[in-house]
Amino acid sequence: MTGEPIIPVKSWLRELLQAWNRFWFTPRNPATLCLIRILAGLMLFYTHLVWTLELPTFFSEQGVFRPEYRELFFGESSFVWSHFDWSSSPAWMWGSHIVALVILALFTIGLWTRVTSILAFLIVVSYCNRASGALFGLDQINGFLALYLAVGPSGMMYSVDAWRARRKAGVSAPDAATLSSAQATVATRLIQLHLCIVYFFAGVGKLQGTTWWDGTAIWGALASYEYQTLDATFLVYAPWIINILTLTSVFWEVSYPFMIWPKLTRPIWLFMAVPLHLGIGLCMGMMTFAWIMLVANASFISPQLVQRLMSWLGSKLGIARPDTANQ
Amino acid sequence: MADQNEPGPQPAEPAAAEFSWNSRTRFWVSLLLLAHLFCLVITPLAAVEPRSQLSLDLHRLIQPYCQAMYLEHGYRFFAPEPGPSHIVRYVVTDHSGETISGHFPDRDRLWPRQLYHRWFMLSESIFRHVADTLTDEQLQERQKEMEDEISELLEQGNPRAAEELEFQLQRNLRDHDRLVQMRDKLLQDVGQVLLERHNGVSVEMTMVTRVIPTPADVMRGLELDDDRYLPEDLWVDLGVVNTGSDEIESIEPKENVQQGGGEEN
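Since we're looking at a predicted model, the values are computed, not measured.

A separate point is the overall build of chain A. Within chain A, the secondary structure is distributed over 17 helices and zero strands. Dimensions of chain A, computed from the C-alpha atoms along their principal axes, are close to 70 × 55 × 50 Å. Taking all 327 residues of chain A together, 57% fall into the buried category. Counting only contacts in chain A whose residues sit at least 6 apart along the sequence, the fraction spanning at least 24 positions is 79%. Carbon and sulfur atoms make up 72% of the accessible area of chain A, which totals about 13,900 Å². Where the 20 positive side-chain charges of chain A centre and where its 16 negative ones centre are 17 Å apart.

Written out as structure tokens, the structure is:
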């Protein structure tokens with residue numbers, strides 16, 4: 001008897017803790033996060049810009065979601081808040097809307113990002129809480145991306161803030177080591193994990209339906225007049241394509257949380273996201289949803305690849321990218 | 001796509017310098033992360049039917065945080081399967097007795113697509129409110145069924161179970177009453193917006209369901225917007241709203257409203 005336990009619980013726990021620490025806290029270059037800021041910021045700005053067309057309809061006290069309805073809808077919860085509830089004056093509604101659009105634009109270009117990222121998240125939540133009956137998947141993804149971009153240093157690169165910092169310090173490029181941070185890792189990991197949860201529940205929810213099993217569900221989506229923007233009903237003559245699209249979609253969604261992590265399968269699963277979301281976007285008139293889902297998927301692209309892409313883009317556009325020059 | 005930060009084969013003992021945060025900071029951040037991840041998993045389990053009592057009870061604990069962070073979603077996009085869509089048709093009567101008719105979502109009028117989608121989701125919200133409520137007859141029938149069950153339990157000498165069922169009945173009635181109020185309030189508000197927009201004195205609204213064409217229909221050359229996909233037996237009279245009135249007249253939802261999964265879940 002050596003006194004060694006049959007199951008080495010302690011060493012297993014120690015390894016688990018180390019893996020947890022490596023996963024969450026190994027400092028990471030924020031290039032991916034900063035690219036997501038630009039791409040998600042554009043969508044946040046567009047989403048809120050479109051509200052401008054019918055702002056009184058959806059956000060005024062004389063609109064379709066009046067206070068009494070929302071009290072019934074949310075109960076007495078004081079945690080569901082909206083700045084539109086602070087005053088019923090049209091001046092407040094329009095004034096705060098213009099300020100919100102300015103903040104979202106500043107966030108997108110990365111000016112005063114520490115503050116504008118937090119404000120951008122609060123704006124997203126505030127609008128969603130007010131127009132609760134007119135929301136869809138896009139708003140949910142907008143919400144969590146804005147949250148995690150506020151958590152992480154999303155303005156550290158590809159931003160006006162980074163440009164100003166370099167100018168102030170009189171350097172052409174920052175030290176690569178100073179850019180990496182655990183905060184960037186935490187924010188990126190949160191986006192990745194949240195996306196896995198979204199796909200997992202979207203996938204297992206579909207497993208309850210018979211048409212996702214018999215391979216015809218995609219037909220239901222393609223033949224919906226209210227959704228359709230691009231006519232793909234010619235696929236009726238190739239039912240096996242509809243079967244493949246249906247079964248692949250559901251398999252891809254359910255398996256995403258497991259297959260996106262191994263280096264071997266990650267490129268395949270990421271690549272599959274592109275036709276899937278673009279297909280939904282083009283055929284079902286949901287390009288905004290397609291865009292934001294692909295932006296969230298970008299969280300799985302390594303910062304090194306993002307830096308190379310941005311450098312290449314910068315050189316093509318004739319913009320110097322000194323923040324990536326020495327990395 | 002290789003990610004140098006991925007967990008994988010790593011040195012067994014990472015040097016302390018590997019992490020920029022000290023162990024105390026990592027501990028507290030880890031606790032926050034675990035709590036947040038717990039919320040992310042529990043909320044979709046509780047947000048959409050069918051759901052367990054456990055997920056509902058756990059969700060009650062985390063609801064304030066999830067509401068504040070806008071995390072209360074089920075993510076069941078197009079699940080359990082793509083279903084029919086719902087359109088609100090309306091006829092507004094103005095001061096001179098002239099009528100203006102319209103519907104939403106309206107592909108020809110609402111642009112850009114994002115705006116169209118907002119109105120589409122509004123019509124789907126109205127549908128869900130209608131589908132969630134019962135007619136007076138249905139409600140009375142359900143109530144009678146439960147009351148009979150309670151009497152039976154009392155006769156069997158099981159007052160505790162009867163009391164539990166009575167409690168459930170009262171709760172169901174209260175919940176249903178709230179759903180009816182919510183449905184009527186939303187319809188009133190939508191009606192008032194339509195009246196204001198068209199300068200009308202009354203508006204009559206109808207919910208129309210568009211069923212999905214079968215592949216055989218499309219092969220026969222039928223268009224997706226063919227009227228036969230709007231079967232009249234699925235139309236629901238949503239009632240009449242008059243200018244300045246807090247009442248909505250004659251709402252009578254039908255039994256056979258068709259459920260389906262959209263992208264709002």
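Next comes the rest of the account.
Glancing now at the pairing of strand β3 (residues 200-210) of chain B. Residues and elements named next belong to chain B. Most of β3 is tucked away: nine of the 11 residues are buried. Strand direction decides the pairing type here: strand β1 (residues 85-94) and β3, joined by 10 bridges, are antiparallel. Paired with Arg 89 across the two strands is Thr 206, which belongs to β3.

For the rest of this paragraph, the subject is the nonpolar core. Soluble, globular proteins show a tendency: their nonpolar side chains are buried together. Judged by nonpolar contacts, the single largest core of 139 residues is most densely connected at Leu 145 and Tyr 256 of chain A together with Ile 126 and Met 205 of chain B. Tallying contributions element by element places helix α10 (residues 182-206) of chain A first for this core, with 12 residues. Contact partners of Leu 145 of chain A, with chain neighbours within four places excluded, come to Ile 36, Ala 40, Ile 191, Ile 292, Val 295 and Ala 296 of chain A. Listed in part, the six residues of the second largest apolar core include Met 146, Ile 150, Ala 162 and Leu 165 of chain B.

Okay, helix α5 (residues 90-109) of chain A next. Residue and element names in this part refer to chain A. Under the 1.5 Å per step criterion, the end-to-end length of α5 is 29 Å for 20 residues, consistent within 8% with the ideal 28 Å. Where α5 is concerned, the buried positions are Met 93, Ser 96, His 97, Ala 100, Leu 101, Ile 103, Leu 104, Leu 106, Phe 107 and Thr 108. Buried residues belonging to α5 abut α2 (31-51), α3 (55-59), α6 (113-130) and α7 (137-151). With a side-chain oxygen positioned 3.2 Å from the backbone nitrogen of Ala 91, the residue opening α5 is Ser 89. Backbone geometry just after α5 places Gly 110 at a positive phi near 80 degrees.

All right, on to the domain arrangement of chain A then. Residue and element names in this part refer to chain A. One can read the domain layout of chain A as domain 1 (28-171) and domain 2 (200-327). Relative placement of domain 1 and domain 2: their C-alpha centres are 25 Å apart. Of the residues lining the interface, 20 residues belong to domain 1; the matching set on domain 2 comes to 20 residues. With both sides pooled, the region where domain 1 packs onto domain 2 buries about 1,800 Å², and carbon together with sulfur makes up 78% of that total. The largest per-residue losses of area from domain 1 upon contact with domain 2 belong to Thr 32, Tyr 158 and Arg 166, which jointly make up 28% of the total buried on that side. Taken together, the links from domain 1 to domain 2 amount to zero salt bridges. Inspection of the region where domain 1 meets domain 2 yields two residue pairs in polar contact (both at pLDDT 80 or more). Those elements that provide at least two residues to the side of domain 1 that touches domain 2 are α2 and α7. Taken together, the residues of the side of domain 1 that touches domain 2 sort by class into 14 nonpolar, four polar and two charged.

Scoring rules and cut-offs
Residues numbered from 1 in each chain as written. Chains lettered and ligands numbered in written order. Predicted model: local features only at pLDDT ≥ 70, side-chain atom pairs only at ≥ 80, totals over all residues. Heavy atoms only, no water. Helix = DSSP H or I, 4+ residues; strand = E, 2+ residues; numbered from the N terminus. Buried < 20%, exposed > 50% of the residue type's maximum accessible area, 1.4 Å probe, protein only. Contact = heavy atoms within 4.5 Å. Areas by Shrake-Rupley, 256 points an atom, 1.4 Å probe, with all protein chains shown as cover. Lys, Arg positive; Asp, Glu negative; His and termini not counted. Charge placed at Lys NZ, Arg CZ, Asp CG, Glu CD. Pairing = 2+ DSSP bridges. Core = buried A, V, L, I, M, F, W, Y, C linked by side-chain atoms within 4.5 Å. Expected span 1.5 Å × (residues − 1). Polar contact = N/O pair within 3.5 Å; in protein donor to acceptor, adjacent residues only side chain to side chain. Domains from an automatic or database assignment. Buried area = accessible area lost by both parts, 1.4 Å probe. Salt bridge = Lys/Arg side-chain N within 4 Å of Asp/Glu carboxyl O. Nonpolar A, V, L, I, M, F, W, Y, C, P; charged D, E, K, R; others polar.

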